[in-house]
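Observations on the three-dimensional arrangement
Here's the letter readout for the chains.
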Amino acid sequence: MRKRGGIGKRGQITVFIIIAIVLLFSAALIFYIRGKVAEYRPPVETVEQVPLELHPVKSYVEACLYKVSVEGITLMGMQSGWVSTTDSSLSGQSFSNFIDPTESETLTFFSFNIPYWFYMKSSNRCAGMCQFDSRKPPLRSQNELGGNRAGTDTSMEAQLDRYVRFKMPECLAGFYSFEAQGITVKELQPMQPTTTVTDKDVVVALTYPLEIVIGSSSSRMSLFVQQIPVNLRQIYELGESITLAQNTVSFLERGVLDAIVRYSSLDNPDLPPMNAFTLGPGGIRYWSVFQVRKYLMDHMIPFVNAFQIKDTLNYQPSIVQYSDSEVIRNMQRGSAGFFDLVMLERPAPLEASFYYLGFPIYLDISPKQGGLLGPEQFGGMLGGFINMLSNLYELSYDISFPVVVKLHDPAAFKGDGYSFQFAIEANIRNNKPFTSDSKIFVLQGGQDNTFFNTPYHRLSGNITIRTLNKKDNSPMPGVSVQYSCGPLSSNIGVTELDDSGNSILVSRFPVCVGGILSLSKEDVLTKNIPLDIMAGETKTIVVS
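Residues numbered from 1 in each chain as written. Predicted model: local features only at pLDDT ≥ 70, side-chain atom pairs only at ≥ 80, totals over all residues. Heavy atoms only, no water.

Our focus in this paragraph is the overall build of the protein. Across its full length, the protein carries nine helices and 29 strands. Across the 544 residues in the protein, those meeting the buried criterion constitute 53%. Across the protein, contacts joining residues at least 24 apart in sequence account for 69% of those joining residues at least 6 apart. Carbon and sulfur atoms make up 54% of the accessible area of the protein, which totals about 24,800 Å². (Helix = DSSP H or I, 4+ residues; strand = E, 2+ residues; numbered from the N terminus. Buried < 20%, exposed > 50% of the residue type's maximum accessible area, 1.4 Å probe, protein only. Contact = heavy atoms within 4.5 Å. Areas by Shrake-Rupley, 256 points an atom, 1.4 Å probe, with all protein chains shown as cover.)

This is the structure in structure tokens:
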């Protein structure tokens, strides 16, 4: 099945040419707005002076303009900056939307389809170089005037132009309410909106030449402007910063991997460890893939809900956020500060939250037999009576899951508040974050010792190895340290003399249950010590 359909192009919008004098006047107004984005502007009603008797019509048009603009901005806030995900004549973009959100360009969240600002475009089972993409629209158009913006312009400014042009006739209702007052309103030219996202708000200028006839006299008006009190630029830029941080450091994937490593074990019937090693038939464990999926969705992936951004309004330092999951609450207590994302140069008057709410995930854990996960067994009987059966648990987690990022400005819309949400897809392959810079290597059976030996999989705390001469307990530098999990091994390093004269090696280790610590120095020392290493664990081991 082809993942995430291509981009369709339809619904080109006809650009109407306004009479020269109106067009020049409109252009002057728009360029004035663009040039003053950071300055205080006088009330927009003073832009075009009209006779007192025309104020009801002017107010009526501007009330509709405000209402429709707020509707469009609100829709874009619910749909990752897109005014529609089903009508490309409004958005300038078509979207694929499948039931499986990890094979789609959008995530269905309540009644909205939320496009991803970053996702893997290739199939979940792609091998080699996989393609990633974004459905993040530009904030601003490259064209200053709405009349110069094509129907394929996907900027949020151009989208709001098209939405206003589409919805305004419905709101105006043909100006029929004025007929009873003896006022006739005639449309001289089709309306042309121009949206401008400034540094503080959103300005929508509507060029709409009208003739108003009252009795035997007639007058004309053509310009209507509304300032929408929402700092869309600030919200959009925070969303960009979050997306960039995710693409750079993969904090969503690392959070879930940390949770898996902390809570997976041979004794957990719902979550098998990535690496473990046991001897004898009594050490065999099996897990159901179905149950592991449920446990991940209920307890591990919701771990991302605890992330928060420092210097935002809802940031709470060192506070354990509420969760229905006791596992997650315990994790939060044990990881103070782990959830704090530092990405802002200055405080932002916005709230930022992350949500995983049980969305469907992609999961593949290997190796497996049917729907069961278990060890690879090797060895046998020694001398006909000693059982040397070994069980190697070397499980590779491949997970894709969607997350909703919600930004909220409580001061927007004159204190009513404004929310903007977008989706991000997180991807884990071979127990590692998988991004656009990653490559999947397909393993052809056997163990991948390179995989176990990568620095990323050293998930313990600092383990200190101190080596002494057995004869006189003097420091013994130059001892090679290796850690093995069954047939997998990782070269940790060599002990050296520190400033205090102690022969030590301080390093993080791979996580393993049933591991072996091997120390060697030619003609002096050879020693193997059973050693379990848990995620985040710190300890000191003295060897002589």
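Read across the open sheet, the four strands follow the order β25-β26-β22-β29; overall the sheet is mixed. The sheet is open, and its two borders are formed by β25 (496-497) and β29 (539-543), each paired with just one other strand. Sheet topology places strand β22 (residues 463-467) next to β29; five bridges connect them, and they run parallel. Looking at the pairing, I463 lines up with K539 of β29. (Pairing = 2+ DSSP bridges.)

What follows covers helix α2 (residues 55-78). Here α2 is 24 residues long and its end C-alpha atoms lie 34 Å apart, about the 34 Å a rise of 1.5 Å per residue gives. Looking one or two places after α2, you find S80, whose phi comes out positive at around 60°. (Expected span 1.5 Å × (residues − 1).)

Bringing the nonpolar core into the picture now. Core analysis: the biggest nonpolar cluster contains 104 residues, and M168, I242, I399 and F401 have the highest contact counts within it. With eight residues, the top contributor of residues to this core is α2. Residues in contact with I399, not counting those within four places in the same chain, are I260, L296, I301, I361, Y362, L363, A426, N427, I428 and R429. (Core = buried A, V, L, I, M, F, W, Y, C linked by side-chain atoms within 4.5 Å.)

Turning our attention to the pattern of salt bridges. Taken as a whole and assessed by the stated rule, the structure comprises 16 salt bridges. Among the salt bridges present, the one from E71 reaches K67, with a minimum N-O distance of 2.7 Å. In this pair, E71 and K67 are both assigned in helix α2, four residues apart and thus about one turn of the helix distant. Judged by its relative accessible area of 45%, K67 falls in the partly exposed class. Note that R140 is salt-bridged to D199, the shortest N-O span being 3.6 Å. Note that R140 is positioned in the loop between β3 (132-133) and α4 (156-172) and D199 in the loop between β5 (192-197) and β6 (202-214), a separation of 59 residues in sequence. Using a relative accessible area of 32% as the deciding quantity, one classes R140 as partly exposed. (Salt bridge = Lys/Arg side-chain N within 4 Å of Asp/Glu carboxyl O.)

A few words on the packing of aromatic side chains. In total, this model carries 21 aromatic pairs according to the counting rule given. Judged by centre distance (5.7 Å) and plane angle (80°), the rings of F251 and F354 are edge-to-face. Linking F251 in helix α6 (residues 251-263) with F354 in strand β12 (residues 351-355), this pair joins segments that are 103 residues apart in sequence. Accessibility assignment for this pair places F251 and F354 in one class, buried. (Phe/Tyr/Trp six-rings, centres within 6.5 Å; stacked < 30°, edge-to-face > 60°.)

A few words on the state of the cysteines. Enumeration according to the criterion identifies two disulfides in this entry. C64 shares a disulfide with C171; S-S distance 2.1 Å. Because the sign of the S-S torsion sets the handedness, a value of about -85° for the bond joining C64 and C171 places this disulfide among the left-handed ones. Placement of the pair is C64 in helix α2 and C171 in helix α4, with a sequence separation of 107 residues. One disulfide in the model links C126 with C130; its S-S distance is 1.8 Å. (Disulfide = S-S within 2.5 Å.)

Another point: unusual backbone geometry. In most cases, non-glycine residues show a negative phi, while peptide bonds are predominantly trans. Of note, the amide linkage connecting S366 to P367 takes the cis form, showing an omega dihedral of 0°. Mapped onto the elements, P367 comes out in the loop between β13 (362-366) and β14 (372-373). Residues other than glycine seldom take positive phi values, yet N473 does so here, at roughly 60°. Assignment of secondary structure puts N473 in the loop between β22 and β23 (480-485).

So, about the pairing of β23. Relative to strand β24 (residues 488-494), β23 is paired through six bridges, and the arrangement is antiparallel. Bridge pairing in β24 places Q482 opposite N491. Summarising the sheet, β23 and strand β27 (residues 512-521) pair through five bridges and their orientation is antiparallel. Bridge pairing links Y483 to L517 in β27.

Overall, the prediction assigns the protein a mean pLDDT of 82, with 80% of residues at 70 or greater. Counting interchain partners and residues more than four positions distant, the pLDDT-below-50 stretch residues 5-46 has 73 contacts. Scored below 50 in pLDDT, residues 328-336 makes 21 contacts in the model with residues more than four places away or belonging to other chains. (pLDDT = per-residue confidence, 0-100.)

The next subject is the pairing of strand β26 (residues 503-507). Every second residue of β26 is oriented toward a common face, the buried set being S503, L505 and S507 and the non-buried set I504 and V506. The sheet contact formed by β22 and β26 spans four bridges and is antiparallel. Residue pairing for β26: I465 is matched across the bridge by L505. Relative to β26, β25 is paired through two bridges, and the arrangement is antiparallel. Along β26, the bridge assignment pairs E496 with I504. A loop of five residues connects β25 with β26, the two strands running antiparallel in sequence, and G501 in this loop sits at a positive phi of about 85°.

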